[in-house]
Amino acid sequence: MLRKIGLLCSLAFVLGAFACDEDDETSSTITTVDDVTVDDGRFTTLEAALKETGLDATLRGDGPFTLFAPTDEAFNTLMSVLGISTQELLDLPNLADILR
């Protein structure tokens, strides 16, 4: 089951990937990957998972980082398929490994 969850989370990360365009008018004020996900507003589940695992602090540090970031919509689809709640996702013992 955990392997299946890991594979599905990986798929969700790829499907929900986003890019930060350097020409974006907000790019001069956003300095970290964590800033991008927080300011965007479509990544609340990812932010909760990053905070749960402490990886949010890593993403506030010096990079470079590449993050395939599933949106809330992607997480909702994943959790629906798996039949789990957001809290059950956040309680996964291997959540940090999945996010890495």
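Fair warning: this is a prediction, and the values are worked out from it, not measured in the lab.

What counts, and where the lines are drawn
- Residues numbered from 1 in each chain as written.
- Predicted model: local features only at pLDDT ≥ 70, side-chain atom pairs only at ≥ 80, totals over all residues.
- Heavy atoms only, no water.
- Helix = DSSP H or I, 4+ residues; strand = E, 2+ residues; numbered from the N terminus.
- Buried < 20%, exposed > 50% of the residue type's maximum accessible area, 1.4 Å probe, protein only.
- Areas by Shrake-Rupley, 256 points an atom, 1.4 Å probe, with all protein chains shown as cover.
- pLDDT = per-residue confidence, 0-100.
- Contact = heavy atoms within 4.5 Å.
- Arc of directions from axis to C-beta.
- Core = buried A, V, L, I, M, F, W, Y, C linked by side-chain atoms within 4.5 Å.
- Salt bridge = Lys/Arg side-chain N within 4 Å of Asp/Glu carboxyl O.

### Topic: the overall build of the protein
And step 1. Helices and strands together make up the secondary structure of the protein, namely seven helices and zero strands.
And step 2. Ordered by position in the sequence, the α and β elements of the protein form the string α-α-α-α-α-α-α.
And step 3. A total of 100 residues make up the protein; the buried ones form 40% of that total.
And step 4. Put simply, the protein shows about 6200 Å² of open surface, and 52% of that area lies on carbon and sulfur atoms.

### Quick word on the confidence of the model for the protein
And step 1. Confidence in the prediction of the protein, expressed as mean pLDDT, is 79, and 70% of residues score 70 or more.
And step 2. Confidence drops under pLDDT 50 across residues 14-24; counting only partners more than four residues distant or on other chains, this segment forms 13 contacts.

### Focus on helix H2 (residues 33-40)
And step 1. Among all positions in H2, only Val 33, Asp 34, Val 36 and Thr 37 are buried. All buried residues of H2 lie within an arc of 160 degrees about the axis, which places them on one face of the element.
And step 2. For H2, the secondary structure elements touched by its buried residues are helix H3 (44-53) and helix H4 (55-59).
And step 3. Looking one or two residues past H2, Gly 41 carries a phi angle of roughly 85 degrees, positive in sign.

### As for helix H5 (residues 72-82)
And step 1. Here H5 has its buried residues at Asp 72, Ala 74, Phe 75, Leu 78, Met 79 and Leu 82. Projected down its long axis, H5 carries its buried residues within an arc of 155 degrees, all on one side. The exposed set on the far side of H5, more than 90 degrees from its buried face, consists of Glu 73, Ser 80 and Val 81.

### Brief notes about the nonpolar core
And step 1. Leu 46, Leu 50, Leu 67, Phe 75, Leu 89, Leu 95 and Leu 99 are the most contacted members of the largest nonpolar core, which has 20 residues in total.
And step 2. Sorting the residues of this core by element identifies H3, H4, H5, helix H6 (86-90) and helix H7 (95-99) as the ones contributing at least two each.
And step 3. The greatest single-element share of this core, amounting to four residues, is contributed by H5.

### Points about the pattern of salt bridges
And step 1. Tallied over the entire structure, the rule returns three salt bridges.
And step 2. Between Asp 56 and Arg 60 there is a salt bridge, with the nearest N and O atoms lying 3.1 Å from each other.
And step 3. Here Arg 60 falls in the partly exposed class, since its relative accessible area comes to 42%.

### Observations concerning the environment of Thr 71
And step 1. Along the chain, the position of Thr 71 falls in the loop between H4 and H5.
And step 2. Judged by its relative accessible area of 17%, Thr 71 is buried.
And step 3. For Thr 71 and Thr 44, which are 27 residues apart along the polypeptide, the C-alpha to C-alpha distance reads 7.9 Å.

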